[in-house]
Amino acid sequence: MLGLMQDWPLLCHRIIDHAAKVHGEREVVSRSIEGPIHRTNYANIRARSLQVAQRLDRDGIKLGDRVATIAWNTWRHLESWYGIMGVGAICHTVNPRLFPDQITWIINHAQDRIVLLDLTFVPLVEKIADQIPSVERYIVLTDREHMPATTLKNAIAYEDWIAEVDGNFKWKSFDENTAAAMCYTSGTTGDPKGVLYSHRSNVMHALMANTGDSLGANAADTMLPVVPLFHANSWGIAFSAPSMGTKLVFPGAKLDGASVYELLETEKVTHTAGVPTVWLMLLNHMAANKLKLPHLRTVVCGGSAMPRSMIKAFVDMGATPRHAWGMTEMSPIGTLAALKPPFDQLEGDARLDILQTQGYPPFGVEMKITDDADKELPWDGKTFGRLKVRGPSVSAAYYRVDTNILDDEGFFDTGDVATIDAHGYMRITDRSKDVIKSGGEWISSIDLENLAVGHPQVAEAAVIGVYHPKWDERPLLIVQLKAGQTATREDILHYMDGKIAKWWMPDDVVFVDAIPHTATGKILKTALRDQFKTYSLPNAAA
Ligand code: ADP
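The numbers attached to residues start from 1 for each chain and follow its sequence in the written order. Local features are withheld for residues below a pLDDT of 70 in this predicted model, meaning they are given only at 70 or higher, and side-chain atom pairs are given and counted only at 80 or more; totals for whole chains, interfaces and linings count all residues. Side-chain numbers come from the whole structure's heavy atoms, not from hydrogens or water.

A. Fine view of the packing of helix α1 (residues 12-22) against helix α7 (residues 199-209). Angles run from 0 to 180 degrees between N-to-C directions of axes, and those axes are lines fitted to C-alpha atoms, restricted for helices to the stretch in contact. Secondary structure elements follow DSSP: runs of H or I no shorter than four residues count as helices, runs of E no shorter than two count as strands, and numbering proceeds from the N terminus. Close contact between α1 and α7 brings their axes to 8 Å; oriented N to C, the two are set at 45°. By the angle between their directions, the pair α1 and α7 is classed as oblique. Counting all contacts with α1, which are made through Cys12, His13 and Ile15, the residues of α7 involved are His199, Asn202, Val203 and Ala206. Of the residues contributing to the contact of α1 with α7, the split by class is four nonpolar, three polar and no charged. When describing relative orientation, an angle under 35 degrees is termed roughly parallel and one over 145 degrees roughly antiparallel, while 65 to 115 degrees is termed roughly perpendicular and anything else oblique. We call two residues contacting when some pair of their heavy atoms lies within 4.5 Å. Lys, Arg, Asp and Glu make up the charged group, whereas Ala, Val, Leu, Ile, Met, Phe, Trp, Tyr, Cys and Pro make up the nonpolar group; the residues left over, Gly among them, are polar.

Right under this line is the structure:
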C-alpha cells in the first residue's frame, strides 16, 4: 500500500522560492569583484535567477545541457547557480585553481555550452578558449561599465545579458532525480572525475546540513562561506543558507586574513566555513593586530585535518570550532565534530580531543570500516580500516565512466582510512594509498606526521612507506626544518620515542628543503614516493 501524501519533487529552485517568499528581505552581502560591497536580498536573487533561466532558455539551453561557472562567491554567482538549475541545465562549477590543462580537460569532458566567468578569470580562459570548442558563448559576471575588451566568443556582460529578458518565466518542471550540478574532483592521481549531483541529492544534503549539530545556522544567523561555490557546493551552504533564511556574506575574490576579518566583523557574522589554510591566515591577522570577533559562534573547518592549535585558538576566543570531514563525492558533508552528551561536559584537553576528531555523521550518511578483504571492522576507536559510506547524497557513479564504484552493499569507498568509536566519532588516520603496510599491519602516516611536527624545530613532516625485505614496507620520515634549525635524525627519533608503539617508529629520517604540495594544498605524496623510490633503509638487511 502506498502512502497518501503529496508528490512534491525535491527541486533546487524550490529552495530559492522559499527563501524569497518567507525570508525575502534577508540580505545577501558580497565583496564584489569590482571592489565595493554589494547588498541584495533573497527576493531579488530569486527574481534575477529567473532572468538567468529565461535568458538561457532563449539561448536554446535545454534539459541536461551543461553550463559552467568559473567564479568566486558573489551574488551573481548565486543567481547564475539557481537560474541554471531552474531551467533544467547542469551547473558545472569549475575550480579555477586547477592547472589550465586540467580546466581544458574538464570543460571538454563536460561539453559545457556556455561559460559564466568572473573578471578575474578572463585572461585565463582566453588562453584556453581555442581548445574548448563546445563553448558557444561567454558571459562575464559584471556590468557594461567594467566589461573588458576580450577575444572570448560572443562575450557579453552579465548585466546586459539578463537585461534582455523581463524575468516573467516559470521554472521548468522535471523529476527530482534530474541532474542539477557537477563538480570534478581534483584528480591528483589520474584524470579528474565528474561528480553529478541531482536536485534530490542537493535538497537532501541541505536538510542534513541544516541541523544544529551540522552547520548549525538558523534564520537569525549570518553565514560567511569562505569555502568557494566551486568546492563541492561551498559545502552545501548555497542551498542550506537560503533554505533557512540565514543571511549570507560572500567574500568574493579576497580570502586573505584582513579581508575575511573585515567582513566577519562589519557584518557581525555568526557562522563561517573554510579550509585550515584560510583560518590560519585569519588567526595570524587577528593575533598580529590584537583583534576580536565577539559575534562569531561557529567555525566549520574541513578539507584537511584541523590542527589542535587552531581548535584551541577558536575555543579560546569563545567560538565553537566544528571540524568536518567530507568529500566532493558526498556533496560533501560526511561527519562533523559536534559535542554530544556526555562529551559536552568535558573540559580542557579532553574536550579538545573530541573536537579534534572528524566527528559523527548526520542522519543521511551511513558509515562502515572494512579490512582489505571487505570484512567489517568494529567501532572501538582503535581498529582502523577503509572508510565506506552510503546515503542519498553520495555518488553512485562518475560522469561518463563505466566502472562500478560501489561494493556489494552499495557503499562507496572514500579512499580514507579511519577509526570509529562506540559513539560514532570517526577519526581519519590516512588516505588508503598512503597508509604504511608493515608486516600485514597498518601504520598511520598522518599520526606519525602529526607527532613529528610537534617537535619545535620541525616546519613540516611527511611519512611514506618504503620497501623493506622483511616487512614489505616501513615508514620513512621526511622532514623540513624551520629556517635556521639544526635538529638531527637522532633528536627527532628521540622526541617521538615512547609517544607511539615501538613498531610504528620511523626506520629513518631524511631532511629536505621543501615538502611538495598539490593544487589543493595537500602534501604531494606521489612526488615523495617517486623521489625516494630506491631509498634503502639502514636496517633493510635485518
Ligand atoms: P580535493 O582533493 O579536491 O580537495 P575533496 O575536497 O573531495 O577533494 O577532498 C576530500 C578528501 O579530503 C577526503 O577524502 C579526505 O582525505 C580529505 N579531508 C577532508 N576533510 C578532512 C578532515 N577534516 N581531516 C582530514 N582529511 C580530510
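Now that the structure has been shown, the text picks up again.
B. Spatial organisation of the domain arrangement of the protein. An automatic or database domain assignment supplies the start and end points of every domain. For the protein, the assigned domains read domain 1 (8-199 + 222-243), domain 2 (366-431) and domain 3 (436-531). Each of domain 2 and domain 3 was reduced to a C-alpha centroid, and the two centroids are 26 Å apart. At the junction of the two partners, domain 2 supplies nine residues and domain 3 supplies eight residues. In short, buried area is how much 1.4 Å probe accessible area vanishes from two parts on joining, totalled over both. When domain 2 packs against domain 3, close to 670 Å² is buried across both sides, 54% of that on carbon and sulfur atoms.

C. Structural view of the packing of helix α2 (residues 42-58) against helix α3 (residues 75-86). Packing of α2 against α3 brings their axes to within 7 Å, and their N-to-C directions diverge by 55°. In terms of orientation, α2 and α3 fall into the oblique class. Regarding α2 and α3, the two cross each other, and that crossing is right-handed. Of α3, the residues touching α2 (which contributes Ile45, Arg48, Ser49, Val52, Ala53 and Leu56) are Trp75, Arg76, Leu78, Glu79, Ser80, Tyr82, Gly83 and Ile84. Should the near helix be turned counterclockwise from the far one by less than a right angle, the crossing is left-handed, whereas a clockwise turn marks it as right-handed.

D. Just helix α10 (residues 257-266), in detail. We call a residue buried when its accessible area falls under 20% of the maximum for its residue type, exposed when it is over 50%, and partly exposed in between, using a 1.4 Å probe and counting protein chains only. Of all the positions in α10, only Gly257, Ser259, Val260, Tyr261, Leu263 and Leu264 are classed as buried. Of the surrounding elements, those touching the buried residues of α10 are β1 (27-31), β2 (37-41), β10 (222-225), β11 (247-250), β12 (271-274) and α11 (276-289). Immediately downstream of α10, the backbone of Lys268 shows phi near 50°, a positive value.

E. Region of the structure containing the site of the ligand. Here a residue counts as near a molecule or strand whenever at least one of its heavy atoms sits within 4 Å of it. Near the ligand, the surroundings consist of 16 residues, among which Ala324, Thr328, Asp416, Arg431 and Lys522 are the closest. Pairing of N or O atoms within 3.5 Å defines a polar contact, subject to two protein rules: one partner must be a possible hydrogen donor and the other a possible acceptor, and residues neighboring in sequence count only if both atoms are side-chain atoms. Taking Ala324, its main chain carries an N or O atom lying 2.8 Å from a nitrogen atom of the ligand. Relative to its unbound accessible surface of 570 Å², the ligand loses 88% to contact with the protein. Top element by residues in the shell around the ligand is strand β14 (residues 320-326). It accounts for four residues. For the shell around the ligand, a count of residues per class yields four nonpolar, nine polar and three charged. Here, Shrake-Rupley sampling with a 1.4 Å probe gives the accessible areas, and only protein chains in the shown set may cover a residue.

F. Region of the structure containing the sheet that holds β12. The pairing criterion for strands is at least two bridges between them, as found by DSSP. Within the open sheet, the eight strands sit side by side as β2-β1-β11-β10-β12-β13-β14-β15. Their pairing is mixed. The sheet terminates laterally at β2 and β15 (333-336), the two strands that pair on one side only. Across the sheet, the mean angle separating the axes of adjacent strands is 20° when strand polarity is ignored. Summarising the sheet, β12 and strand β13 (residues 298-301) pair through four bridges and their orientation is parallel. Bridge pairing in β13 links Ala273 to Val300.

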